[in-house]
Amino acid sequence: MKKMIIALVAMFAMTMSVNAQSIDDKSTISLERVSSYLDLTSDQIEPFKTAIAQFNVSMESSYLKNPSTSSEAWEKIKTRHMNTMKQILSDKQYEKYVKQFELTAKNTIIRMTQESAAAK
């Protein structure tokens, strides 16, 4: 169960990062929504996108390649990402981001659990 939750959180993270990195209209709209929700300044947008991209690379390179250490890898990646975001965002923005991050992870876990149950 723990591995499944961690895998689902990884999927959430990759979804977020793909949306932030992609240049298609849907992803641009997603970035605009996140920017609006967090009230990002023009100076924060590029570092924010870069942090999301780094998070995605970390997830792909270490977490997803070695699922046996997934719990440890996830915690390291998440901690590093949150520290980066704390440097980029103001305290109020960071609080909003943490809530969004956790809510998205929770919703991803629920959705993936339901899809897994339906597939059985």
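Residues numbered from 1 in each chain as written. Predicted model: local features only at pLDDT ≥ 70, side-chain atom pairs only at ≥ 80, totals over all residues. Heavy atoms only, no water.

## A closer look at the nonpolar core
Consideration 1: By size, the foremost hydrophobic cluster in this structure holds 19 residues, and its most contacted members are Phe48, Met85, Leu89 and Tyr97.
Consideration 2: When near neighbours in sequence (up to four residues on either side) are disregarded, methionine 85 contacts Phe48, Ala51, Ile52, Tyr94 and Tyr97. (Core = buried A, V, L, I, M, F, W, Y, C linked by side-chain atoms within 4.5 Å. Buried < 20%, exposed > 50% of the residue type's maximum accessible area, 1.4 Å probe, protein only. Contact = heavy atoms within 4.5 Å.)

## Observations concerning the pattern of salt bridges
Consideration 1: Scanning the entire structure with this criterion turns up 2 salt bridges.
Consideration 2: With a closest N to O distance of 3.4 Å, glutamate 46 and lysine 49 form a salt bridge. Placement of both glutamate 46 and lysine 49 in helix H3 (residues 42–63) is noted, with a separation of 3 residues, approximately one turn of the helix.
Consideration 3: A residue is classified by how much of its surface remains accessible, and lysine 49, at 26% relative accessible area, is partly exposed. (Salt bridge = Lys/Arg side-chain N within 4 Å of Asp/Glu carboxyl O. Helix = DSSP H or I, 4+ residues; strand = E, 2+ residues; numbered from the N terminus.)

## A short note on the confidence of the model for the chain
Consideration 1: On average, residues of the chain carry a pLDDT of 76, and 65% of them reach 70 or more.
Consideration 2: By mean pLDDT, the top-scoring element of the chain is helix H4 (residues 70–88) (87), and the lowest-scoring one is helix H1 (residues 2–21) (54). (pLDDT = per-residue confidence, 0-100.)

## A word on the side chain of histidine 81
Consideration 1: Tracing the chain through its elements places histidine 81 in helix H4.
Consideration 2: A distance of 2.6 Å separates the side chain of histidine 81 from the side chain of tyrosine 97, its partner in a polar contact.
Consideration 3: Not counting the four nearest positions on each side in its chain, histidine 81 is found in contact with Ala51, Ile52, Phe55, Tyr97 and Phe101. (Polar contact = N/O pair within 3.5 Å; in protein donor to acceptor, adjacent residues only side chain to side chain.)

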